[in-house]
Amino acid sequence: MNKINPRAGQLASTSDLVDVQKLIAAYFAERPDPRVPEQRVAFGTSGHRGSSFDRSFNEWHILAITQAICLYRKQQKIDGPLFLGIDTHALSRPALNSAVEVLAANQVELMLAAKDEYTPTPAVSHAILTYNRGRKTGLADGIVVTPSHNPPDSGGFKYNPPHGGPAGSDTTSWIQNKANEFLAAKLEGVQRWPLEKALASPSTHEHDYIDAYVADLGNIIDMEAIRSSGIRFGVHPLGGAGVHYWGPIAERYGLNLNLVSDVVDPTFRFMTLDWDGKIRMDPSSKYAMQSLIALKDKFDVAMACDTDHDRHGIVTRSRGLMPANHYLATSIYYLFGHRPQWGQKVAVGKTAVSSSMIDRVTAGLSRELFEVPVGFKYFVDGLLEGKLGFVGEESAGASFLRRDGTVWTTDKDGIIAALLAAEMTATVKKDPGEIYHDLTQKYGDPFYDRTDAHATTQQKAMLAKMSKDSIQSPTLAGEKIKTILTHAPGDGQAIGGVKVIAESGWFAARPSGTEEIYKIYAESFRSQQHLEQIEEEAETIVGQALNAAVVQKA
């Protein structure tokens, strides 16, 4: 089990807060050394992330990445507008300005949020897809400046190509390598204009992301059912990019929606500390969500979204904060019973480390399950083609189709996931926690956890390339091992680790991309004790496989 900080769940104190002035000063003053791996551009599953304090997210990174994106656009003949959005992290505005200076100098048609508004990730994906609908040429793409729910000293920068979702590995590798070349050349070849000139450029435009996104929500959520029911629901934006979206949503659709907080503060001082004592805007964490959980009895249902509003957290009267896996399974059960226009061939998408409750609910609905590695990019094609009705991952990211069965977004959308909780409550007259409880009576009540185990860089590399034959144990927690996966059954892609499945439990092990650890995901349909046994044996089984690989290599 991960060690819980004694202050987890308590309000942040002054000593926990980032010095915003120093953070921004370091963004401009510090220069990354491309010879140091930690200071190079590195695209993970959600773009490049880092902090200006440790020279992993500074002005040079953004100038280099943006120029690389401009070259990538030319190579791919992407010449439509680029939709650019930011969240509320302190480093996001400086990074946006740096990007604008380069994009304008490269004559990119740039779509900036009207009135300098913040822009959630799903609003950027929605804008790209809306613009590209019916087009074959002049396609749009986008950039979102966000480190998602990461701590306040973090910055993030991610690219969404014309399909509207997270860029695939080929794309991110190309951009990453080209950006690092620019860093090594001390930005030689990077085109850049002064910010004032860039903003005044004829190619720089304003776009009303809020109105375009909010006006379309009735095509994916049954807003009339929510309105007519009169249910009272609370929303906490956690100081994030969607903070000014919820008011227009309530006004346009006549909803009894109560904004718990509209505070935007780059220190995020209003947050309660996460499990490790850090400020982290994670709506799936019971520690970070204490302030909303405390209000659960004031609302029929309540919800929160992370800083770029691509993740959701659902708080119910019946069960408090729902674990992300529980809400995913509940959403699947509800949607496939209330979206008749989707048709019988539309499938369910999940990541390999998400709960097997999803498998059971999907089978009960007589739907196909499409299981992929960790990363929302693996769902993009299925959403675009209308083949995947709902897709989700255990870290509380999800999206689903419009009511008519066509694509909504190809990136995670915490806003629609949150509004779906209100639709469920209004339609079924039960909150999502009660609906999930009913599902456990039919399919069992799983116990799920994610823990960390130490691994060297060499061991992590071995784990990422592990074969089925590496697992020597015939049993897992007293049961015969039925299946060992190193590739996802849905798309055949490598999962970057291993998944071991027995009759009533499983575990998956994946190396961390940023720390000297590997992550163990585990689930039991028997008991908490059985889950802990699976976790202990998982560490032993993986440890033995890694040691054997080291000996064999020697």
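In the block above lies the structure referred to throughout.
For clarity, every value in this text was computed on a predicted model and none was experimentally measured.

Conventions we followed
Residues numbered from 1 in each chain as written. Predicted model: local features only at pLDDT ≥ 70, side-chain atom pairs only at ≥ 80, totals over all residues. Heavy atoms only, no water. Helix = DSSP H or I, 4+ residues; strand = E, 2+ residues; numbered from the N terminus. Rg over C-alpha atoms; globule rule 2.2 N^0.38 Å. Buried < 20%, exposed > 50% of the residue type's maximum accessible area, 1.4 Å probe, protein only. Lys, Arg positive; Asp, Glu negative; His and termini not counted. Charge placed at Lys NZ, Arg CZ, Asp CG, Glu CD. Expected span 1.5 Å × (residues − 1). Axes fitted to C-alpha atoms, helices over the stretch in contact; angles between N-to-C directions. Parallel < 35°, antiparallel > 145°, perpendicular 65-115°, else oblique. Contact = heavy atoms within 4.5 Å. Nonpolar A, V, L, I, M, F, W, Y, C, P; charged D, E, K, R; others polar. Core = buried A, V, L, I, M, F, W, Y, C linked by side-chain atoms within 4.5 Å. Pairing = 2+ DSSP bridges. Polar contact = N/O pair within 3.5 Å; in protein donor to acceptor, adjacent residues only side chain to side chain. Phe/Tyr/Trp six-rings, centres within 6.5 Å; stacked < 30°, edge-to-face > 60°. Lys NZ or Arg CZ within 6 Å of the ring centre and 35° of its normal.

Enquirer: Looking at this structure, how should I read the overall build of the protein chain?
Expert: Looking only at helices and strands, one finds 17 helices and 23 strands in the protein chain. A globule of 554 residues ought to have a C-alpha radius of gyration of about 24 Å, and the protein chain, at 23 Å, matches this closely. Looking at the protein chain as a whole, 59% of its 554 residues qualify as buried. Between the centroid of the 57 positive side chains of the protein chain and the centroid of its 65 negative side chains there is a distance of 2 Å.

Enquirer: Is there a simple way to think about helix H3 (residues 92–105) in this case?
Expert: Every α-helical turn comprises 3.6 residues, leaving residues that sit three or four positions apart pointing alike. The terminal C-alpha atoms of H3 lie 20 Å apart, and with 14 residues this matches the ideal 20 Å at 1.5 Å per residue to within 8%. Trailing H3 by a residue or two, Gln-107 shows a phi angle of about 55 degrees, which is positive.

Enquirer: Please clarify how the packing of helix H11 (residues 324–338) against helix H12 (residues 357–364) should be interpreted in this entry.
Expert: Each packed pair of helices is defined by two parameters, the angle between the axes and the distance between the axes. Relative orientation of the contacting elements H11 and H12 amounts to 10 degrees, with a least axis distance of 9 Å. In this view, H11 runs roughly parallel relative to H12, as classed from their interaxial angle. Across from Leu-328, Ala-329, Ile-332 and Tyr-333 in H11, the residues of H12 making contact are Met-357, Ile-358, Val-361 and Thr-362. Here the contact of H11 with H12 is built from residues that sort into seven nonpolar, one polar and no charged.

Enquirer: Is there a simple way to think about the nonpolar core in this case?
Expert: A general trend in soluble globular proteins is that nonpolar side chains are found buried together. Of all hydrophobic cores here, the largest spans 75 residues; its most connected members are Leu-217, Phe-233 and Ile-249. When neighbours within four sequence positions are excluded, Ile-249 is seen to be in contact with Val-214, Leu-217, Met-223, Leu-255, Leu-257, Ile-415 and Leu-419. Core analysis: the second largest hydrophobic core is formed by 44 residues, Ala-68, Ile-69, Ala-104 and Ile-175 among them.

Enquirer: Could you clarify how one ought to interpret the environment of Met-303 in this entry?
Expert: Along the chain, Met-303 falls in strand E10 (residues 301–305). Each C-alpha atom of the pair Met-303 and Leu-292 lies 7.9 Å from the other, and the pair is eleven residues apart in sequence.

Enquirer: Would you mind going over the sheet that holds strand E23 (residues 517–524) with me for this structure?
Expert: Adjacent strands of a sheet form backbone hydrogen bonds with each other and so pair up, either parallel or antiparallel. On the basis of which strands lie adjacent, the open sheet formed by five strands has the order E17-E23-E22-E21-E20 and antiparallel pairing. At either end of the open sheet lies a strand with only one pairing partner, and these are strand E17 (447–454) and strand E20 (483–487). Recorded for the sheet is a direction-independent mean angle of 15 degrees between the axes of neighbouring strands. Note that E20 and strand E21 (residues 494–501) share four bridges and pair antiparallel. Bridged to His-487 within E21 is Ala-494.

Enquirer: Any chance you could explain unusual backbone geometry here in plain terms?
Expert: Residues other than glycine predominantly adopt negative phi, and peptide bonds predominantly adopt the trans conformation. Residue Leu-187 is not a glycine yet carries a positive backbone phi of 70 degrees. Assignment of secondary structure puts Leu-187 in the loop between helix H5 (169–184) and helix H6 (195–200). Phi at Ser-366 is positive, roughly 60 degrees, even though this residue is not glycine. Its place among the elements puts Ser-366 in the loop between H12 and strand E14 (369–372).

Enquirer: Whenever I open this one, the sheet that holds strand E3 (residues 82–86) confuses me. Can you help?
Expert: With mixed pairing, seven strands are arranged side by side in an open sheet as E1-E2-E6-E5-E3-E4-E7. Every other strand in the sheet has two partners, leaving strand E1 (43–44) and strand E7 (204–207) as the edge strands with one partner each. Where E1 lies against strand E2 (residues 47–51), two bridges are found, and the strand directions are antiparallel. Note that in E2 the partner of Gly-44 across the bridge is Gly-47. Along the sheet, helix H2 (residues 59–76) contacts E1, E2, E3, strand E5 (141–145) and strand E6 (154–160); its crossing angle with E6, the most-contacted strand, is approximately 5 degrees. Against the sheet, helix H4 (residues 121–132) contacts E3, E5, E6 and E7, and its axis sits at roughly 170 degrees relative to E5.

Enquirer: Quick question: what am I supposed to make of the side chain of Lys-412 here?
Expert: Examined against the element boundaries, Lys-412 turns out to sit in the loop between strand E16 (397–400) and helix H14 (414–428). Look at Lys-412 and you get buried, because its relative accessible area is 5%. For Lys-412, the residues in contact, after removing those within four places along its chain, are Thr-121, Pro-122, Asp-310, Arg-311, Phe-376, Glu-393, Gly-397 and Ala-398.

Enquirer: How should H14 be read in this particular structure?
Expert: With 15 residues, H14 should reach 21 Å at 1.5 Å per residue; the first-to-last C-alpha distance of 21 Å fits that figure. Among the 15 residues in H14, 13 count as buried, and that is most of the element. If you check the start of H14, you find a side-chain oxygen 2.9 Å away from the backbone N of Ile-415, and it comes from Asp-413.

Enquirer: Looking at this structure, I do not really get the packing of aromatic side chains. What am I missing?
Expert: For any pair of aromatic rings, geometry is given as the distance between the ring centres together with the angle between the planes. Tallied over the full model, the rule gives 13 aromatic pairs. Aromatic ring contacts, followed pair by pair, group Tyr-27, Phe-28 and Phe-57 into a single cluster. The residue whose ring lies beneath Arg-360 is Phe-525, and the NZ or CZ to ring-centre distance is 3.5 Å. The aromatic ring of Trp-506 is capped on one face by Lys-499, whose charged end is 4.6 Å from the ring centroid.

Enquirer: Hey, could you run me through the environment of Gly-444 in this one?
Expert: Looking at where Gly-444 falls in the secondary structure, it is placed in the loop between helix H15 (432–443) and E17. Accessibility expressed as a relative area gives 23% for Gly-444, which makes it partly exposed. Separated by 84 residues in the primary sequence, Gly-444 and Arg-360 have C-alpha atoms spaced 9.1 Å apart.

Enquirer: Looking at this model, I keep getting lost on the pairing of strand E22 (residues 505–511). Mind explaining?
Expert: Regular strands show a simple pattern: their side chains alternate between the two faces of the sheet. The buried fraction of E22 is high, at seven of seven residues. When E21 meets E22, the two strands line up antiparallel, connected through four bridges. By the bridge assignment for E22, Ile-501 is matched with Trp-506. The turn linking E21 back onto E22 is made up of three residues. The sheet contact formed by E22 and E23 spans seven bridges and is antiparallel. Bridge pairing in E23 places Arg-510 opposite Lys-519.

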